[in-house]
Amino acid sequence: MRRGVVLVLLSLLLFPTVVGAKEAASWEQERMYFIMVDRFVDGNPDNNDQVDQNDPKAFHGGDIRGVIEKLDYIESLGFTSVWLTPVFENMPDGYHGYWIKDFYNIDPQFGTKEDLQELVDEAHKRDMKVILDFVVNHVGPNHPWVEERPDWFHDELPIVLWNDQEQVETHWLFDLPDFKTEDPEVKDYLLEAATYWIEETGIDGYRLDTVRHVDKPFWEDFVKAVRAVDPDFYLLAEVFDPDPQYIAEYDDLGFNSITNFTFYDRVSKTMTQKSASVDEIDVAASYAETFFNDPNQMATFLDNHDVERFMHVAELGGAESAERRLRLGLFALYASPGMPIVFQGTENAQKGGADPANRVMTDFPGNEELHEYVTMMNRMREEYPVFATGEQRMIASKDGMAVFERRDGDDVALYAINMNAEDREIEFEVSEVGEDTRLRGLLFSQLVTDKRGTFTIKLAGESANAYIVEESEVNMWTIGLLVIAIPIFLTGLVMWKRRKNAS
C-alpha cells in the first residue's frame, strides 16, 4: 500500500494537470436531455385512451411516468437536466403538447399533477433539474376561448411576410389562435399560470416556445414575474432564426439562454454534408462572440423536434458514414461554446425526416456504443469545465482539419477535428498555447510534444480529440524533491523488508 501511495504522489509531481475542475458558474455547465413526452416511454398503459401508434400524428403513449422510469438511464449518460415538451392539457390530437387547452391541468394522456411532482422530486434526488416547455403565443386549434373571449386574440390572419415583425408577433402561426399578449387581462392570466407551476411543483425552469412571435414588453414582464417567485429560475428562449443579429435582439430581455440556431445552421447542417467545412465552427463562434452577451450561455443542439434529424440529413448529404459524422457533430457540440442539448434518440443514432418522422418513439436499449460516446462527452464537460466557460479561438486550419483553443484564465484546453475521410496532420507553433507545454489527449491516448517549437497533431479520417495542456518538463524544484524523496523511500522500503524477515 505504501509503495502504491508513493507512486501516485510521484505521478502527480511528474504530470500536473493544468485544467482545473472549477465550481459550476451558471447554466452553461448544464448538459440537457430533451424529451418529447408522448414519444419517449409509456410508463402507464392505463392513460392510453387516445393512443394510435399507426397514426404518426396521434398520441403514441409516452407519459410522465415513463420519464420517471428513465431518470437513471438519463443520469447514467451524464446529463444534468431534462427538458420536457408541454405537459398541460391539450386540444384533441395535441400529442406534442403545443396545442394547449388548459394551462392549469396536466393532460390525462401524460399523467397527473402528482406524477409531475414525483418527477421533480426524483430528479432533484439525483441533482438533476427539470425544465418545462411553456407556450404563451397561442392555444390549440378550435379552442373555445376564440368564441368565448374573442378580445383575448389577434385577428385571424396568416403570417405572409416573415421579415415583418408586426406580422410575426400578431398574426396566427400555422392557424393557431394568437394570444393578444399586450392585453393586461391576457398577460395576467399567463403570468399567473407560469408562477403557479413554479410554486406548486418546484420546477427549475421554462423553455419558452415561439419567443419571436410575442411582443418584447410581455417577455420583460414575464421575466420579472417568475423571478419574483424564484430568483434563480432558468429561462431558455426559443428564437427560431439563424440570423445572429436577429437573435441578439432578445439577449437583453432577461433570459438566461437563447437557442443558438446560428450554431445549428452553420455547424450541424454543415457537418451532415459530404464535403463539410470545419471552418464553420469558427464562423459560428465568431458570430456568437460578436453578437451575443455570453456565447457560453447560449443553448446549442444538433437536431430537435422541429427539424430533420442529424442522421437523416447526413445520409441525404452523402456522408460515407452518417453515424461517424454524428459522433463528430456531438464532439463539436460539446467542445464548442454553449450549453449542449441532446434530443431523445440522438444517442441511438435515430433517423427521421421532417415532422412527424423526427418524433418516433425512442428505442431501448438503443445504440450502446454511441451511449458510451455520449457519456464520454458529458464526462469531458464535467471534468474539464473550461469547455463550458472558456473563450474559443481557432489556432490553425488546413485542408479540412482545424485546432481550437478554449481558455478561461489559466485553464486551457484544445480540441481538433479532421473532417476528411483520410488521415491528416496539422502543425502550429507552441507559442500559440504557451512555452514549455505539451498536449495530452482526452478521448484517446495521444501525447503531443514540442518539436523545435512546433506541435503536430495527427488524426485519423473523420475523427476528433480534445487535449489538456500540461507543463512539458519536470521543473528543478520537482527534480530536487525527487532526489530527496526517492532515496528516503527506498531506504524505508529496505528497512521494512528487513524487519519483516526478522520477524
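Residues numbered from 1 in each chain as written. Predicted model: local features only at pLDDT ≥ 70, side-chain atom pairs only at ≥ 80, totals over all residues. Heavy atoms only, no water.

Residue-level account of a negative patch on the surface, with values.
Together, Asp151, Glu185, Asp188 and Glu192 make up a region of like negative charge exposed at the surface. With respect to the secondary-structure elements, Glu192 resides in helix α7 (residues 184-201). Exposure remark for Glu192: the relative accessible area of 47% places this residue in the partly exposed category. (Patch = residues over 30% accessible without salt bridge, like charges linked within 9 Å, V, L, I, M, F, W, Y side chains within 5 Å. Areas by Shrake-Rupley, 256 points an atom, 1.4 Å probe, with all protein chains shown as cover. Salt bridge = Lys/Arg side-chain N within 4 Å of Asp/Glu carboxyl O. Lys, Arg positive; Asp, Glu negative; His and termini not counted. Charge placed at Lys NZ, Arg CZ, Asp CG, Glu CD. Helix = DSSP H or I, 4+ residues; strand = E, 2+ residues; numbered from the N terminus. Buried < 20%, exposed > 50% of the residue type's maximum accessible area, 1.4 Å probe, protein only.)

So, the environment of Lys113: which residues are in play, and what are the values?
One can find Lys113 in helix α4 (residues 113-125). Assessed through its relative accessible area of 30%, Lys113 is described here as partly exposed. Here the alpha-carbon distance between Lys113 and Thr201, two residues 88 residues apart in the chain, equals 8.5 Å. Discounting chain neighbours no more than four positions away, the residues touching Lys113 are Ile106, Tyr196, Trp197 and Glu200. Reaching out from Lys113, the side chain makes a polar contact with the side chain of Tyr196 at a distance of 2.9 Å. (Contact = heavy atoms within 4.5 Å. Polar contact = N/O pair within 3.5 Å; in protein donor to acceptor, adjacent residues only side chain to side chain.)

Report on helix α8 (residues 216-229), specifying residues and quantitative values.
Between its terminal C-alpha atoms α8 stretches 21 Å, which fits the 20 Å expected from 14 residues at 1.5 Å a residue. When α8 is considered as a whole, its buried residues turn out to be Phe218, Trp219, Phe222, Val223, Ala225 and Val226. Angularly, the buried residues of α8 cover 165° about the axis, an arc narrow enough to put them on a single face. Opposite its buried face, α8 presents the exposed residues Lys224 and Ala228, each directed more than 90 degrees away. Its buried side turned inward, α8 meets β5 (129-134), α7, β6 (205-208) and β7 (234-237). Between a side-chain oxygen at the N-terminus of α8 and the backbone nitrogen of Phe218 the separation is 3.2 Å; the capping residue is Asp215. (Expected span 1.5 Å × (residues − 1). Arc of directions from axis to C-beta.)

Explain the confidence of the model for the chain to me, and be specific about the residues and the numbers.
Taken over all residues, the pLDDT of the chain has a mean of 91, while the share at 70 or more is 89%. With pLDDT under 50 throughout, residues 1-25 is counted as low confidence; its partners more than four residues away or in other chains account for 40 contacts. Residue range residues 475-480 is modelled with pLDDT below 50. Its contacts to residues more than four positions away, or to other chains, number three contacts. (pLDDT = per-residue confidence, 0-100.)

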